[in-house]
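Report on the structure
Residues per chain, in single letters:
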Amino acid sequence: MSNHTSRPETIAAHALRAIDAATGAVVPPIYLSTTYARDENYAPLLKENYVRSGSPNVWQAEDTIAALEKGAAALLFVSGMSAISILLETVPMGGHVVACNSMYYGTRNWLERLRDRSRITITLFDANDRNALAKSLTSKTDLVWIETPTNPMWTVIDIEAAAKAAHNVGAILAVDATALASVTTQPLTLGADIVFHSITKYLNGHSDVLGGVLIAREKNSRWDEIISIRSKTSSPLSPFECYLLMRGMRTLYVRYAQASANALAIARHFSNHPKVEKVLYPGLGTHEGHDIAKRQMTNGYGGMMSLLLKADYAASQKFCARLKVVTPATSLGGVESLAEHRKTVEGPTSLTPDNLVRFSIGIENVNDLVADIEQALSQL
Ligand SMILES: Cc1ncc(COP(=O)(O)O)c(C=O)c1O
């Protein structure tokens, strides 16, 4: 576990005091070199000398994220899906993976692809049933994958209970904590073994970097395997993207606080709206998982929410197109609010309801957001 003594807001704002040792530059330089020279004794100057295995900007960003998550180490990848697929590569041939049934559709598709090729077996458990995870485990389970809150239904899963259940059968627990953004929950402190974030979302926060990160509770042989697979088949984020990520993370806590406050106000405002069937937001007292969220999300409920509209598939799509302040686009966790008709993006095999519109609430003035959603609803 990381032993940094500053509080997380300070770690983020200072980017772990990444001050350039040679010049004192408060913003560290971007090292664009793909290769690093050896010294007069032919010893490498850095711990890696080729950029596919790492470089200074990558290590600064990885160390900052590891400190925020209270992990032993972090590894950045060129996309969130790259990180996920490399973690799944460490599951032994024929190994059993247990995952929640409501999750980011890209992860689910990848798990199903591996299953269809007989690479792994999978059991998808009902995220709404608190006993379902434990019942899905067998002595062959190698990896439990949960996402909390789940995308796009925002079901909350108890991380501590999931870790205990996984460990009872000798499996590890990996948590997709993209929506938790390192700010409100540190899954490693609740017993998780690996934490994942799509840094494309909250950690970078400005919709201009694609990337993923894995953080480990301890460095072990599985972690070494992940390092080795990354350096052979993929690469860390590029130095310039690491610079953008470091810049984005400096404001992570204030962005998350504002997005959480806006989302809670919007969730409350539309809870009894005549054109809205249901608001899905873990911060609402009426949400099925609010008791777990209250215990687990100790620093805000985040900016992610969905509205189930009193509308069909086509009308729900049109609702998104009528928004003028909220941008109708995919992705989440940026400073600007986004909305999308999830089923359109996920395709015909999607289990997402036809009338679900997912919102990533940003940091704008909340009255502008409420007024915009109101005007689009009034045309339903
Ligand atoms: C919860 C979640 N996990 C994983 C991913 C995949 O990350 P990326 O798009 O960075 O590959 C996404 C992307 O939307 C996501 O929302």
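Keep in mind that what you see is a predicted model, and the values were worked out from it rather than measured.

Calculation notes
Residue positions within a chain follow its written sequence, with the count starting from 1. Two thresholds apply to this predicted model, a pLDDT of at least 70 for residue-level local features and 80 or more for giving and counting side-chain atom pairs, whereas whole-chain, interface and lining totals are computed over all residues. Side-chain measures here rest on the full set of heavy atoms in the structure, leaving out hydrogens and waters. For the purposes of this entry, the term helix denotes a DSSP run of H or I that reaches at least four residues, the term strand denotes a run of E that reaches at least two, and both are numbered from the N terminus. Note on exposure labels: buried denotes an accessible area under 20% of the residue type's maximum, exposed denotes more than 50%, and partly exposed covers the range between, all computed with a 1.4 Å probe on protein chains only. Contacts were defined at the residue level, with two residues in contact if any of their heavy atoms lie within 4.5 Å. Accessible surface is estimated by sampling points in the Shrake-Rupley manner with a 1.4 Å probe; for residues, cover comes only from the protein chains shown. Counted charges follow a simple rule, with Lys and Arg positive, Asp and Glu negative, and His plus the chain ends left uncounted. A single reference atom marks each charge: NZ on Lys, CZ on Arg, CG on Asp, CD on Glu. Pairing between two strands requires that DSSP report at least two bridges joining them. Axis lines are fitted to C-alpha atoms, over the contacting stretch for helices. Their N-to-C directions set the angle, which ranges from 0 to 180 degrees. Think of it this way: one heavy atom of a residue within 4 Å of a molecule or strand is enough to make that residue near it. Pairs of N or O atoms are called polar contacts if they sit within 3.5 Å, as long as, within protein, a hydrogen donor faces a hydrogen acceptor (for residues adjacent in sequence, only side-chain-to-side-chain pairs). Just so you know the grouping, Ala, Val, Leu, Ile, Met, Phe, Trp, Tyr, Cys and Pro go in nonpolar, Asp, Glu, Lys and Arg go in charged, and all remaining residues, Gly too, go in polar.

**Some remarks on the overall build of the protein chain**
Across its full length, the protein chain carries 13 helices and twelve strands. Put simply, the protein chain has 380 residues, and 55% of those count as buried. For the protein chain, restricting intrachain contacts to residue pairs at least 6 apart in sequence, the fraction spanning at least 24 positions comes to 72%. When the accessible surface of the protein chain is split by element, carbon and sulfur atoms take 53% of a total near 16100 Å². Measuring between centres, the 36 positive side-chain charges of the protein chain sit 2 Å from its 36 negative side-chain charges.

**A closer look at the sheet that holds strand β1 (residues 73-77)**
An order of β1-β7-β6-β5-β4-β2-β3 is seen for the seven strands of this open sheet, with the pairing classed as mixed. What marks the edges here is a single partner per strand, and that holds for β1 and β3 (121-125). Averaged over all pairs of adjacent strands, the angle between their axes in this sheet comes to 20 degrees, without regard to strand direction. Pairing analysis gives five bridges linking strand β6 (residues 194-198) to strand β7 (residues 212-216), with the strands arranged antiparallel. The residue of β7 that forms the bridge with valine 195 is isoleucine 215. Most of the contacts of helix α6 (residues 159-168) go to strand β5 (residues 172-176), to which it runs at about 150 degrees, and overall it touches β4 (141-147) and β5. Packing against the sheet, helix α7 (residues 221-233) makes contact with β1, β4, β5, β6 and β7, and its axis sits at approximately 25 degrees to β1.

**Examining the site of the ligand**
Near the ligand you find 15 residues, and of these Met81, Asp176, Ser198, Thr200 and Lys201 are the closest. Measuring from an oxygen atom of the ligand, one finds a backbone N or O atom of glycine 80 at 3.0 Å. One nitrogen or oxygen atom from the side chain of threonine 200 is found 2.7 Å from an oxygen atom belonging to the ligand. Expressed as a share of its isolated accessible area of 390 Å², the protein-covered part of the ligand is 91%. When contributions to the shell around the ligand are tallied by element, the ones reaching two or more residues are α3 (80-89) and β6. Taken together, the residues that form the shell around the ligand break down as five nonpolar, seven polar and three charged.

**Quick look at the pairing of strand β9 (residues 304-309)**
Of all six residues making up β9, six are buried, and the element is well covered by its neighbours. What you see with β9 is no split at all: Met304, Ser306 and Leu308 on one side and Met305, Leu307 and Leu309 on the other are buried throughout. Bridging between strand β8 (residues 276-280) and β9 involves four bridges; their strand directions are antiparallel. Bridging across to β9, lysine 278 finds its partner in leucine 308. Strand direction decides the pairing type here: β9 and strand β12 (residues 356-360), joined by five bridges, are antiparallel. Bridging across to β12, methionine 304 finds its partner in serine 360.

None of this, on its own, says anything about what the molecule does.
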